[in-house]
Amino acid sequence: MAISSRLLSLVLLSLLASSAIGEKTKGVTYDGRSMIVNGERELLFSGSIHYPRMPPEMWPDIIRKAKEGGLNLIQTYVFWNIHEPVQGQFNFEGNYDLVKFIKTIGEQGLYVTLRIGPYIEAEWNQGGFPYWLREVPNITFRSYNEPFIHHMKKYSEMVIDLMKKEKLFAPQGGPIIMAQIENEYNNVQLAYRDNGKKYVDWAANMATGLYNGVPWIMCKQKDAPAQVINTCNGRHCADTFTGPNGPNKPSLWTENWTAQYRTFGDPPSQRAAEDIAFSVARFFAKNGTLTNYYMYYGGTNYGRTSSSFVTTRYYDEAPLDEFGLYREPKWSHLRDLHRALRLSRRALLWGTPSVQKINQDLEITVYEKAGTDCAAFLTNNHTTLPATIKFRGKEYYLPEKSVSILPDCKTVVYNTQTIVSQHNSRNFLPSEKAKNLKWEMYQEKVPTISDLSLKNREPLELYSLTKDTSDYAWYSTSINFERHDLPMRPDILPVLQIASMGHALSAFVNGEFVGFGHGNNIEKSFVFQKPVILKPGTNTISILAETVGFPNSGAYMEKRFAGPRGVTVQGLMAGTLDITQNNWGHEVGVFGEKEQLFTEEGAKKVKWTPVNGPTKGAVTWYKTYFDAPEGNNPVALKMDKMQKGMMWVNGNSLGRYWSSFLSPLGQPTQFEYHIPRAFLKPTNNLLVIFEETGGHPETIEVQTVNRDTICSIITEYHPPHVKSWERSGTNFVAVVEDLKSGAHLTCPDNKIIEKVEFASYGNPDGACGNLYNGNCTSINSLKVVEQHCLGKNTCTIPIEREVYDEPSKDPCPNIFKTLAVQMKCGNKN
């Protein structure tokens, strides 16, 4: 059948249009307003989740919880040192399976930002650089240095090619919509002078040359080249970010710190949900369209992966805690914020902004599009005083340091300072199935110089000695003394002094433990001094030198050093004896580590003896067996009475513990350690501990972890829950008949409320897990709460005075009322 030329032209035009639409819907672009993904402008709510900081079995659940929290984007680093631990030998298996992790994210309908670094910082060993890179001749990290840029490009190309091969970039139909090259380079750029600027330009050209199908970003890079987007890191980017360095680049926030990582010796890290929400609302009010929570789930630094002095637990204060449990109200208050911003989406992405500054603290920001879409942000920047603001003929109350979001320029659906969502408290409970542990022990032999094959005139530098294969290295020397060399008085002992560049050491004289010394994250160097007993004849001094991770930040990382650098014996009859150049033997690692005593096969290689009563032996291995704890709750190991060392379960490293390093509060920075359920068998799980300085294994406890204590703290002036409204096209409508404030509580994991532990309607105070009455409370508080909640998975408690008291019997009619409740959740059976 013949086809007319006009019809043929229409068919061709239609095919071309279809092709253009197809291309448009498979690309990622941007302008000065936002990222444009598959042809659509996007508000992006992102969270950092790192695949090696949890076993693969946890990935789907963590990603699901992030999506439930309102995220549509996951950000991850790519960790060079785990993928290429030996030059040219690659590992992308197990919890290093980057491809599987990205596909898991994509399967749940979320996007990915891939931060390939290759320098990542991340409180990760050597900032992600593999050790072998340090030994490349004439290399200078993160500089326009030929050896470095050669290896950086080779690695970057390998990662990009892998992503392209697996079709993981958005133009290929995958979830990756952005990629990052380098990381916070402005912090060190000046140290490299001209080679710093040349390096930045080279890195941008290299990255975009390898792949230009998605935008590239550089965080904290004010002078980012034109082809990449400069982004902000920090706590308050609405106020600290000077903005994109080009008119066609959007305002992006790549790291909104949800707390702060901890190093051993630090007190707990805190950042309130209200402060995070305030910072995000202000950023979106100021033309921001992407925020990323660093971290959203921190996880665990298993093995020896953390950088210098960083704890094994990572960002436990994130919206999802180390065990993958919801940290409330942080998780849900941010979830509600994301909903409020999405209700304002059309105005934010297509509206024209205007700002009315009322005074130095109060401002109104409006986004409006031709009278059809309107959203407003009412801001009170004062940190201590609430205020009332008049907007379009109506007065609005603003708590101190808060932003109210009005998606229709009329209705307050969310205030950053006013938490409507529930709170919770974390509980650690001893396991019934994993108690009464029976411990056995094996003591390491303290070597002498004759036992150690690697000899050198003076102690070798520790980083280059261990080559990041172990935290430990033995150093030993011997000295001969005559009787007249030693102090004659019984009340005077010689003093062993060891000047160390870090990080820690245990000292032994004639095989006996004499003491332990260490630095800290701020000052890694230290001087060890202990009185020692020496004898006439040959004396052996042995040192177990220890690293606690390699450094991860700063300029010239390849030129950092650690280990003993000067050894003297003071108080001898002839004065001080310098034995630094006395000839030393060296050996990397400890015997039990090399023989893998933490595995079933390795444990059979030595004779273990029962632990009867308390023991404090240094360099001692302990082992026991336990059954998997009851239920499905996460599992932890309580290590508060141990000192310092490492832990393994069924051959899997749980990381470093250091309970003896107390914070200024007099408590260990960390003493509970996560055992993933994926590491456990139903019965006979092998638990092995290597204790460096002496502890009490009989006090170690296997625990289960829950957040079954749930609370609500809500006032009369709280707005209704943000779920009370929705968008239907251009219409903004209520989805509930009665728009009233109330306490909304839900037990996790389909559990039910089995007990009301606290209830007060009046002026209570405190935090979840520690609520207490004020000087006024309704005597009916407990009764009302129990009527609404007992035996239910979810309940809503009204905040209405007449529900609690008759007007004539109100004990405090002239105050704003607060309802505070605390409940215990349990299984239905």
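Quick notes on the rules
Residues numbered from 1 in each chain as written. Predicted model: local features only at pLDDT ≥ 70, side-chain atom pairs only at ≥ 80, totals over all residues. Heavy atoms only, no water. Pairing = 2+ DSSP bridges. Helix = DSSP H or I, 4+ residues; strand = E, 2+ residues; numbered from the N terminus. Contact = heavy atoms within 4.5 Å. Axes fitted to C-alpha atoms, helices over the stretch in contact; angles between N-to-C directions. Core = buried A, V, L, I, M, F, W, Y, C linked by side-chain atoms within 4.5 Å. Buried < 20%, exposed > 50% of the residue type's maximum accessible area, 1.4 Å probe, protein only. Polar contact = N/O pair within 3.5 Å; in protein donor to acceptor, adjacent residues only side chain to side chain. UniProt positions renumbered as here; feature names shortened; annotations may be inferred. Salt bridge = Lys/Arg side-chain N within 4 Å of Asp/Glu carboxyl O. Parallel < 35°, antiparallel > 145°, perpendicular 65-115°, else oblique. Left-handed = near helix turned anticlockwise from the far one by under 90°. Nonpolar A, V, L, I, M, F, W, Y, C, P; charged D, E, K, R; others polar. Phe/Tyr/Trp six-rings, centres within 6.5 Å; stacked < 30°, edge-to-face > 60°. Lys NZ or Arg CZ within 6 Å of the ring centre and 35° of its normal.

## Some words on the sheet that holds strand S14 (residues 373-380)
- The 5 strands lie next to each other as S12-S13-S14-S17-S18, forming an open sheet whose pairing is antiparallel. Every other strand in the sheet has two partners, leaving strand S12 (352-357) and strand S18 (414-415) as the edge strands with one partner each.
- Sheet analysis places S14 next to strand S17 (residues 402-406), joined by 5 bridges and oriented antiparallel. Bridge pairing in S17 links Leu-378 to Ser-404.
- Running at roughly 135° to S14, helix H9 (residues 273-285) makes contact with strand S13 (362-369), S14, S17 and S18 of the sheet.

## Description of the nonpolar core
- Core analysis: the biggest nonpolar cluster contains 121 residues, and Met-163 and Leu-337 have the highest contact counts within it.
- Once residues within four sequence positions are removed from consideration, Leu-337 is found in contact with Ala-277, Val-280, Ala-281, Tyr-293, Ile-405 and Tyr-414.

## A few points about the side chain of Arg-313
- Examined against the element boundaries, Arg-313 turns out to sit in the loop between strand S11 (288-297) and helix H10 (330-343).
- Only 2.8 Å separates the side chain of Arg-313 from the side chain of Glu-322, close enough to count as a polar contact.
- When near neighbours in sequence (up to four residues on either side) are disregarded, Arg-313 contacts Gly-299, Glu-322, Phe-323, Arg-426, Phe-428, Gln-670 and Glu-672.

## Examining the UniProt feature "domain: SUEL-type lectin" (unreviewed entry) in the protein chain
- In the numbering used here, UniProt assigns the feature "domain: SUEL-type lectin" (unreviewed entry) to residues 737-826.
- Along residues 737-826 one finds 14% helix and 40% strand; the C-alpha atoms at either end are 32 Å apart.

## Some thoughts on the pattern of salt bridges
- Enumeration according to the criterion identifies 49 salt bridges in this entry.
- Glu-368 serves as the salt-bridge partner of Arg-392, at 3.0 Å between the closest nitrogen and oxygen. Of this pair, Arg-392 sits in the loop between strand S15 (387-391) and strand S16 (394-398) while Glu-368 sits in strand S13, and the two are 24 residues apart along the sequence.
- Here Glu-368 falls in the partly exposed class, since its relative accessible area comes to 30%.

## So, the packing of H9 against H10
- The interhelical angle for the contact between H9 and H10, taken along N-to-C directions, is 20°, at an axis separation of 9 Å. The orientation of H9 with respect to H10, classified from their angle, is roughly parallel. As H9 packs across H10, the resulting crossing turns out to be right-handed. Contacts between H9 and H10 involve Ala-273, Glu-274, Ile-276, Ala-277, Val-280, Ala-281 and Phe-284 on the former and, on the latter, Lys-330, His-333, Leu-334, Leu-337 and Leu-341.
- Along the lines of polarity and charge, the residues of the contact of H9 with H10 split into 9 nonpolar, 1 polar and 2 charged.

## Remarks on helix H4 (residues 98-107)
- Taken together, the buried positions of H4 are Leu-98, Val-99, Phe-101, Ile-102, Thr-104 and Ile-105.
- Gly-109 sits one or two positions beyond H4 and adopts a positive phi of about 80°.

## Thoughts on the packing of aromatic side chains
- Applying the stated criterion to the full structure yields 48 aromatic pairs.
- A centroid spacing of 6.3 Å and a plane angle of 10° characterise the contact between Tyr-185 and Tyr-192, whose relative ring orientation is stacked. By the burial criterion, Tyr-185 is buried, and Tyr-192 matches it.
- With 5.6 Å between their ring centres and 55° between their planes, Trp-474 and Phe-508 make a pair best called tilted. Taken together, the positions of Trp-474 in strand S22 (residues 472-481) and Phe-508 in strand S24 (residues 504-509) put the pair 34 residues apart, joining distant regions of the chain.
- Trp-474 sits in the buried class, given a relative accessible area of 2%.
- Judged by its relative accessible area of 2%, Phe-508 falls in the buried class.
- Within the aromatic cluster, the residues linked to one another by ring pairs are Trp-80, Tyr-119, Phe-129, Trp-132, Phe-141, Phe-148, Tyr-155, Tyr-185, Tyr-192, Tyr-199, Trp-202 and Tyr-556.
- Of note, Lys-65 hangs over the ring of Tyr-326, and the distance from its end group to the ring centre comes to 5.1 Å.

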